[in-house]
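Secondary and tertiary structure notes
Listed below are the residues making up each chain.
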Amino acid sequence: MIFNKTKFKKKLQMKGYANSSIQSYIRRLELYEQWLKLRITKGNESETQLAFNYLKHLQKQSNNYRTINRELQPLKLYFKFFKKSNPFLYIYIKKVEEKIKPNFFTEKELEEIYDCLPQTTSTEIRDKILIGFYVYQGVKSSEAKTIDLKDIDLYGYKIFLKGDKRTDSRKIGLNIKQILLLSEYINTHRKNIKSKETPTLFNISNSEFALQNLLQRLSEKLRKSVYGFEALYQLRSSVIYNWVKEYDLRKAQYLSGHKYISTTEKFIVKDITGLQKEVDKFFPF
C-alpha cells in the first residue's frame, strides 16, 4: 500500500492544520507504512483486518487510550480524504471504566465460610457474628462499627444498618443461622468480653480503632484458611453480585445501600465469550 504524503500534506494545509501538527501526522502515516512493509500479511487480508491488527500492534506499545487514538487519527483522515472506504473510521479506544473485579464467592461458598468459623469461646462467637454480617447482609466495615444493640431485632429477624455518607440506611433480614448465635452473644458472651460498656453491638474498648484492628486480624485468618479470599470487601461484593443475579436492580440497590443505581449496575457481569468469538472470526489478531 502506497501513501501519497505530499498530497496528504497539502490537504492538511488547506484544512488549516499547523505545521507542527502536519509533521506529526505525516510521521504517524510513515510509521503505519513501515509496519505494513515489515508485516508478513496473508494474501486475502482486508484493509479492515489490517486496521485491527495495527490497533493490536499499538496496544502492545502503549496501554494509554489517548496515545493510541492520537496514533490512529492521521490514518482516519488519510482514508477519509483519499479512499472510498475507511477501515479506521470506527476504531476508537475509550477510557477504561471502573468495573467490579469479577472475583466473587457464590452463595454456597459464602455460607461455607461462615459455617467453618469456630464458635467455642465468647470472642470466637463475636468474630463469627461479625463475619456473618458480611456474608449474609453485605455490610461495609464502616457500617459494622456503628451497629448498636437496638439495631438488632431478634423477634422480627431484622437488622437496621445506618449507612454513611456513601451508603443509605436500610433494614435487612437475618439468616436463621444468625438468630440463635446473636441471642447467645447479646445475653451472655458480650458481657464476658472485658471492655468498657457501650451501646454498640461489638463491645470493644478503644472504640473504632480496636474494631479496625479486629477486622484486620480476621482478614488475615481468612486469607490463610479460605482459598481465593483477598479482603473483607470481597465478601460484600460477592453478596451484592448474588443479589443482582437473584433480584431486580432496584431491590439489589436497596439491600446494598447504594445511593445510585449506577453503582449497583457495576455488579452486572456479562458473558462476552460469544461476542469475542465473533470478533475473532471476522478480525483475527
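Our structure's up above, just so we're on the same page.
Right, let's walk through the structure included here.

**Observations concerning the sheet that holds strand 1 (residues 152-153)**
- Pairing is antiparallel across the open sheet formed by three strands, whose spatial order is 1-2-3. In the strand order of this sheet, the two ends are held by strand 1 and strand 3 (170-173), each with one partner.
- In the sheet, strand 2 (residues 158-161) pairs with strand 3 via four bridges, with the strands oriented antiparallel. Within strand 3, the residue paired with F160 across the bridge is K171.

**Overview of the pattern of salt bridges**
- In total, this model carries 11 salt bridges according to the counting rule given.
- Linking R170 and E143 is a salt bridge whose minimum nitrogen-to-oxygen distance equals 2.5 Å. Placement of the pair is R170 in strand 3 and E143 in helix 7 (residues 141-144), with a sequence separation of 27 residues. Across the pair, exposure class does not vary: R170 and E143 are buried alike.
- Two residues, D148 and K162, come together in a salt bridge whose shortest N-O distance is 3.4 Å. Here K162 lies in the loop between strand 2 and strand 3 and D148 lies in the loop between helix 7 and strand 1, a separation of 14 residues in the sequence.
- One connected set of salt bridges, linked through shared partners, spans E111, D115 and K177.

**A word on unusual backbone geometry**
- A positive phi angle, near 55°, is found at Y157, a position not held by glycine.
- When you line up the elements, Y157 lands in the loop between strand 1 and strand 2.
- In this structure Y157 comes out as partly exposed when scored by relative accessible area, which is 42%.

**Regarding the packing of helix 2 (residues 19-38) against helix 4 (residues 65-82)**
- The interhelical angle for the contact between helix 2 and helix 4, taken along N-to-C directions, is 90°, at an axis separation of 9 Å. When the interaxial angle is binned, helix 2 and helix 4 end up roughly perpendicular. For the pair helix 2 and helix 4, the contacting residues are Y25, R28, L29, L31 and Y32 in the first and R70, E71, Q73, P74, L75, L77 and Y78 in the second.
- Its residues assigned to classes, the contact of helix 2 with helix 4 comprises eight nonpolar, one polar and three charged.

**A word on the pairing of strand 2**
- Residues I159 and L161 of strand 2 are buried on one face, while the alternating residues K158 and F160, pointing to the opposite face, are not.
- Here two bridges tie strand 1 to strand 2, and the two strands are oriented antiparallel to one another. Directly across from D153, in strand 2, lies its bridge partner K158.
- Between strand 1 and strand 2, which pair antiparallel and follow one another directly, the connecting turn spans four residues, one of which, Y157, has a positive phi of 55°.

**Notes on the packing of aromatic side chains**
- Taken as a whole and judged by the stated rule, the model has 20 aromatic pairs.
- With a centroid separation of 5.1 Å and an interplanar angle of 70°, the aromatic rings of F3 and Y78 are classed as edge-to-face. With F3 in the segment before helix 1 (5-14) and Y78 in helix 4, the pair connects residues that are 75 residues apart, well separated along the chain. There is no split in this pair, since F3 and Y78 are both buried.
- Ring centres of F133 and F202 lie 6.1 Å apart, and the angle between their planes is 70°; on these two criteria the pair is classed as edge-to-face. Residue F133 is located in helix 6 (residues 122-137), and its partner F202 is located in the loop between helix 8 (176-192) and helix 9 (207-225); the two are separated by 69 residues in the primary sequence. F202 shares its class with F133; the two are buried.
- Among the aromatic side chains, those forming a connected cluster through ring pairs are F3, F8, Y32, W35, Y54, Y78, F79, F81, F82 and F88.
- Above the ring of Y114, the side-chain terminus of K128 is found at 4.9 Å from the ring centroid.

**Considerations on the packing of helix 10 (residues 232-246) against helix 11 (residues 249-256)**
- Put simply, helix 10 and helix 11 touch, their axes get as near as 9 Å, and they point 155° apart. For the element pair helix 10 / helix 11, the angle class is roughly antiparallel. Between helix 10 and helix 11 lies a crossing of right-handed hand. In this structure, helix 10 uses R236, I240, W243 and V244 to contact helix 11, whose residues at the interface are L249, A252, L255 and S256.
- Taken together, the residues of the contact of helix 10 with helix 11 break down into six nonpolar, one polar and one charged.

**Considering the environment of T146**
- Looking at the secondary structure, you find T146 in the loop between helix 7 and strand 1.
- With 54 residues separating them along the chain, T146 and T200 place their C-alpha atoms 6.6 Å apart.
- Each residue touching T146, except ones within four places of it in the same chain, is listed here: D151 and K162.

Rules of the game
Residues numbered from 1 in each chain as written. Predicted model: local features only at pLDDT ≥ 70, side-chain atom pairs only at ≥ 80, totals over all residues. Heavy atoms only, no water. Pairing = 2+ DSSP bridges. Helix = DSSP H or I, 4+ residues; strand = E, 2+ residues; numbered from the N terminus. Salt bridge = Lys/Arg side-chain N within 4 Å of Asp/Glu carboxyl O. Buried < 20%, exposed > 50% of the residue type's maximum accessible area, 1.4 Å probe, protein only. Axes fitted to C-alpha atoms, helices over the stretch in contact; angles between N-to-C directions. Parallel < 35°, antiparallel > 145°, perpendicular 65-115°, else oblique. Contact = heavy atoms within 4.5 Å. Nonpolar A, V, L, I, M, F, W, Y, C, P; charged D, E, K, R; others polar. Phe/Tyr/Trp six-rings, centres within 6.5 Å; stacked < 30°, edge-to-face > 60°. Lys NZ or Arg CZ within 6 Å of the ring centre and 35° of its normal. Left-handed = near helix turned anticlockwise from the far one by under 90°.

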